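Analysis of the macromolecular model
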Amino acid sequence: MPEFDWRSPDSYKSLQDAEIIDIAWECLRRNADYRREYEVMIANSQNGEVTEEFRRKWGICFRP
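I will try to describe carefully the structure that is included in this document. Computed from a prediction, not measured in an experiment: that's the story for all the values here.

On the surface, F4, W6, Y12, L15, I20, I21 and I23 cluster together into a nonpolar patch covering about 750 Å² of accessible area. Along the chain, the position of Y12 falls in the segment before α1 (20–29). According to the relative accessible area criterion, Y12 is partly exposed, its value standing at 34%.

Let us now look at the environment of E52. Mapped onto the fold, E52 is located in helix α3 (residues 52–58). On the basis of relative accessibility, which here comes to 43%, the residue E52 falls in the partly exposed class. Each C-alpha atom, one on E52 and one on D33, is 17 Å from the other, the two residues being 19 residues apart in sequence.

Conventions and cut-offs
- Residues numbered from 1 in each chain as written.
- Predicted model: local features only at pLDDT ≥ 70, side-chain atom pairs only at ≥ 80, totals over all residues.
- Heavy atoms only, no water.
- Patch = residues over 30% accessible without salt bridge, like charges linked within 9 Å, V, L, I, M, F, W, Y side chains within 5 Å.
- Areas by Shrake-Rupley, 256 points an atom, 1.4 Å probe, with all protein chains shown as cover.
- Salt bridge = Lys/Arg side-chain N within 4 Å of Asp/Glu carboxyl O.
- Helix = DSSP H or I, 4+ residues; strand = E, 2+ residues; numbered from the N terminus.
- Buried < 20%, exposed > 50% of the residue type's maximum accessible area, 1.4 Å probe, protein only.

Geometry only, nothing functional implied.
Have a look at this one:
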């Protein structure tokens, strides 16, 4: 496994071209509470859809 030097500016070069939504998603998907709640919600969902309450709680509401 390659070592990641979080102090090195070179380690973050790929972020220079990243969209803010990509960075936000990366932070969210690494959040253990989010992942746990998502798994429980999907397991209890009849249609496998994410609820509006869940979307609002985690800030994944998108306007058309």
